[in-house]
Amino acid sequence: MKSTGEADKGRGARSVGAGAATGVLAAAAALGAGELAAGLTGTASPVIVVGDALVDNSPSWAKEFAIAVFGIYDKIALLAGVYAAIALFAAVLGVLSLRRPVVGYTGLAAFAAVGAVAVAVRRADEPMAVVPVVVGALAGEAALVLLLRAVRGGRPAGSPVAGVGGTRRGRPAGAPQGVSSRRRFLLTGAGVLVFAGAAGGIGRYLASGAGIAEKRAALRLPPAADPLPPLPAGSDLGLRGLPPFTTPNPVFYRIDTALSVPRVDPDRWRLRIHGMVDRPLELDYDALLRRRLVESDTTLTCVSNQVGGDLVGNTRWLGVRLDDLLREAGVHSGADQILSTSQDGWTCGTPTEAVLDGRDALLAIAMDGEPLPFAHGFPVRMVVPGLYGFVSATKWVTDIRLTRFSDARAYWARRGWAVRAPIKTMSRIDVPGPLAEVDAGPTTVAGTAWAQRRGIEAVEVRADGGPWREADLAEVPGIDTWVQWSTEFDLEPGRHAFEVRATDNSGYTQTEERAEPVPDGATGWHSVQITTV
Ligand SMILES: Nc1nc2c(c(=O)[nH]1)N[C@H]1C(S)=C(S)[C@@H](COP(=O)(O)O)O[C@H]1N2
Ligand SMILES: [Mo]
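In this text the structure is predicted, and so the values were computed from the model without any measurement. (Residues numbered from 1 in each chain as written. Chains lettered and ligands numbered in written order. Predicted model: local features only at pLDDT ≥ 70, side-chain atom pairs only at ≥ 80, totals over all residues. Heavy atoms only, no water.)

A. Inspection of the site of ligand 1 at higher detail. The environment of ligand 1 is formed by 19 residues, the closest being Tyr253, Thr257, His376, Arg381 and Lys395. At 2.7 Å from an oxygen atom of ligand 1 is found a side-chain nitrogen or oxygen belonging to Arg381. Taken by itself ligand 1 offers 530 Å² of open surface, and the protein chains cover 98% of this. When grouped by side-chain class, the residues that make up the shell around ligand 1 number 9 nonpolar, 5 polar and 5 charged. (Near = heavy atom within 4 Å. Polar contact = N/O pair within 3.5 Å; in protein donor to acceptor, adjacent residues only side chain to side chain. Areas by Shrake-Rupley, 256 points an atom, 1.4 Å probe, with all protein chains shown as cover. Nonpolar A, V, L, I, M, F, W, Y, C, P; charged D, E, K, R; others polar.)

Here it is as structure tokens:
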């Protein structure tokens, strides 16, 4: 038989375990109920809102660290971190609440308060998003009551964690009742776990917008009023290793701050155009589809693209001209900024003059002949040729307010990025790839260049610091797309370095001077090193 001391130690460890489990299970019940309430009310999940708020308020070094370490998994890593922190906090609270239940009840309320604050700062225009937080908190408190009753109920009277249950059930102090009390706790715990899992699962399912994916798949979009001619046959050189002229939707780069891709129901989508206008407008999806649709070949580019980087893609967009809509609304003079907001609360400031100068600024509904994919802004996004995405390309757009740059700052402008950001003239070597090993002799060097709104006039390439040689340019449908280029060098066996620079139709040639993407786009010549054998 064990000595009393050992038995006490065993019981102590057991109650720490039971306490931690109590806390984690109560938190799981809270999160599960929150997901269910979010799914049922069509509001944002509390965890996502908290994650969004963390992303918004974390310093840029932390974001860069996350992107460097986790790459495209940075968002998953963040959510995993949020869950781990919650679990740890909940476990500690659970242990403490064995002695003092009030600690657990207050701790859970504090959790809810964090969620409510996150909703207030991140979803100011969606007050309903507080409902899942409240529902979650209530479910968590209820689970905590049940679990604490189960875990404390079976203790012998006089033990530090004795509760009413011990005597209520009439067990003599010190009687061997560990088995049945443990059983009661396990049963309660299993019940809470099943509830949490089921509620969370159903909530996630509802929020995943399964029905919305079907609606999107069933959409038959009207054609453009005057469809563009097919792309010139010579726009795609069809070289191996050279990205195709039209970027397929599934590989189109994706950049946004959304932790989970918003699934906006087209039947519920509304766009408001208001602020400094004579006649505010409100449009739904059907009203948008009934308008004149136009096509535009436009290459989208991210300001974060490094020299030689691939945060750029080209496609044929279908949508409604934004300048027509703004003229209907009657923009006041002095309203130099179009402040657009997405469903998930991201904001973007676009110069009004750019949208009104005749370029194909669109409220786009389709890309490459298909309704916008969810990740690219379904059902409606903005596309403005010539401006980096962060000042022009709002996905899931639901609100457009005419204002002044001096009165309102958009998301990235508040974080040190430029207020106005036209796309810089840029060129990239795609073939051969970096550090490639190719046969000596005639070698094709090819790539891509872009200068939206101006168009590319010439691309020059040089090998090993030798004389610049003008590359052949492929055809383009207009000045707002990238252009493919290629040329041939005859190379001796050994190591070689190529450099490229483009000149746009305004006569500007890319500067060699390297600049980082912050605040308004990278500059410098792309170079690639290879070996010939
Ligand atoms: N709602 C929303 N729209 C957004 C962003 C965002 O974070 N949220 N990012 C912008 C940026 S920085 C870029 S480069 C483009 C990228 O569009 P894509 O993901 O379709 O390529 O979307 C823009 N639109
Ligand atoms: Mo971007």
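B. Main features of the nonpolar core. Counting 66 residues, the largest nonpolar core has Trp317, Leu363, Ile365, Ile400 and Leu402 as the members making the most contacts within it. Here the element with the most residues in this core is strand β7 (residues 362-367); it accounts for 6 residues. Not counting chain neighbours up to four residues away, the residues in contact with Leu402 comprise Ile273, His274, Gly275, Met276, Val277, Leu326, Val331, Ala335, Gln337, Ile338 and Thr352. Counting residues in each nonpolar core, the second largest holds 19 residues, with Val459, Phe489, Ala502 and Val528 among its members. (Core = buried A, V, L, I, M, F, W, Y, C linked by side-chain atoms within 4.5 Å. Buried < 20%, exposed > 50% of the residue type's maximum accessible area, 1.4 Å probe, protein only. Helix = DSSP H or I, 4+ residues; strand = E, 2+ residues; numbered from the N terminus. Contact = heavy atoms within 4.5 Å.)

C. Layout of the pattern of salt bridges. Within this structure, the stated rule accounts for 22 salt bridges. Among the ionic pairs, Arg216 bridges to Glu370, the shortest N-O distance being 2.6 Å. Of this pair, Arg216 sits in helix α9 (residues 210-218) while Glu370 sits in strand β8 (residues 370-371), and the two are 154 residues apart along the sequence. Where Asp360 meets Arg321, a salt bridge forms, and the shortest distance between an N and an O atom there is 3.0 Å. Placement of Asp360 in the loop between α12 (352-356) and β7 and of Arg321 in strand β4 (residues 312-321) is noted, with a sequence separation of 39 residues between them. With a relative accessible area of 23%, Asp360 lands in the partly exposed category. On the basis of relative accessible area, Arg321 is assigned to the buried category, the value being 17%. One salt-bridge network, held together by shared partners, links Arg321, Asp323, Arg327 and Asp360. (Salt bridge = Lys/Arg side-chain N within 4 Å of Asp/Glu carboxyl O.)

D. Spotlight on the layout of surface pockets. In this structure, the second largest pocket spans a volume of roughly 1400 Å³. Together, 45 residues line the second largest pocket, and Gly42, Thr43, Ala44, Arg263 and Gln343 are the ones closest to its centre. Secondary structure elements with two or more residues in the lining of the second largest pocket: α1 (4-41), α2 (46-57), α8 (178-207), α9, β1 (270-275), β5 (337-342) and β10 (397-403). Each of domain 1 (4-207) and domain 2 (249-415) gives at least three residues to the lining of the second largest pocket. (1 Å grid on protein atoms, 1.4 Å probe; cavity = no way out; pocket = protein on both sides within 12 Å on 5 of 7 lines; lining within 4 Å. Points joined across faces, edges and corners; volume = space filled by probe spheres on them. Domains from an automatic or database assignment.)

E. Highlighting the packing of aromatic side chains. Overall, the coordinates contain 11 aromatic pairs when judged by the stated rule. For the pair Phe489 and Phe498, a centre-to-centre distance of 5.5 Å together with 45 degrees between the ring planes defines the contact as tilted. Each of the two residues, Phe489 as well as Phe498, counts as buried. Among the aromatic residues, those joined into a cluster by ring pairs are Phe390, Tyr411, Trp412 and Trp417. In this arrangement the basic side chain of Arg216 is found over the ring face of Phe374, its NZ or CZ atom lying 5.8 Å from the centre. (Phe/Tyr/Trp six-rings, centres within 6.5 Å; stacked < 30°, edge-to-face > 60°. Lys NZ or Arg CZ within 6 Å of the ring centre and 35° of its normal.)

F. Up close: unusual backbone geometry. In the segment running from Val431 into Pro432, the intervening peptide bond is cis, with an omega of -5 degrees. Following the sequence through the fold, Pro432 ends up in the loop between β11 (426-431) and β12 (437-438). Looking along the chain, the bond that leaves Val518 and enters Pro519 is cis, with omega of 0 degrees. When you line up the elements, Pro519 lands in the loop between β18 (494-504) and β19 (526-532). Positive phi outside glycine occurs at Asp368, with the angle close to 50 degrees. Of note, Asp368 is situated in the loop between β7 and β8. Residue Asp368 is classed as partly exposed on the basis of its relative accessible area, which comes to 39%.

G. Up close: the domain arrangement of the chain. Domain assignment breaks the chain into domain 1 (4-207), domain 2 (249-415) and domain 3 (426-532). At the junction of the two partners, domain 1 supplies 11 residues and domain 2 supplies 12 residues. Buried surface at the junction of domain 1 and domain 2, both sides included, amounts to about 1000 Å², of which 47% is carbon and sulfur. The largest per-residue losses of area from domain 1 upon contact with domain 2 belong to Asp56, Lys75 and Arg122, which jointly make up 45% of the total buried on that side. For the interface between domain 1 and domain 2, the tally reads 0 residue pairs in polar contact (both at pLDDT 80 or more). Mapped by element, the contributors of at least two residues to the side of domain 1 that touches domain 2 are α2 and α4 (74-99). Examining the composition of the side of domain 1 that touches domain 2, we find that 5 residues originate from one element, α2, more than from any other. (Buried area = accessible area lost by both parts, 1.4 Å probe.)

H. Representation of the side chain of Ser97 within the structure. Among the secondary structure elements, Ser97 is positioned in helix α4. The buried category is assigned to Ser97, whose relative accessible area is 0%. Within the local environment of Ser97, its side chain forms a polar contact with the backbone oxygen of Gly94, the two atoms lying 2.9 Å apart. With residues near it in sequence (within four places) discarded, Ser97 still touches Gly104, Leu148 and Arg152.

I. Structural view of helix α11 (residues 322-329). For α11, every residue scored as buried is listed here: Leu322, Asp323, Leu325, Leu326 and Ala329. Angular distribution of buried residues about the axis of α11 spans 160 degrees; they occupy a single face of the element. Backbone geometry just downstream of α11 places Gly330 in the positive-phi region, at approximately 75 degrees. (Arc of directions from axis to C-beta.)

J. View of the pairing of strand β14 (residues 456-463). Buried residues dominate β14, accounting for 7 of its 8 residues. Here β14 runs beside β18; their pairing, made up of 7 bridges, is antiparallel. Paired with Val461 across the bridge in β18 is Val500. For β14 and strand β15 (residues 469-470), the ladder comprises 2 bridges, and the chain directions are antiparallel. Paired with Glu460 across the bridge in β15 is Glu470. Linkage of β14 to β15, two consecutive antiparallel strands, is achieved through a turn of 5 residues, within which Asp464 is found at a positive phi near 55 degrees. (Pairing = 2+ DSSP bridges.)

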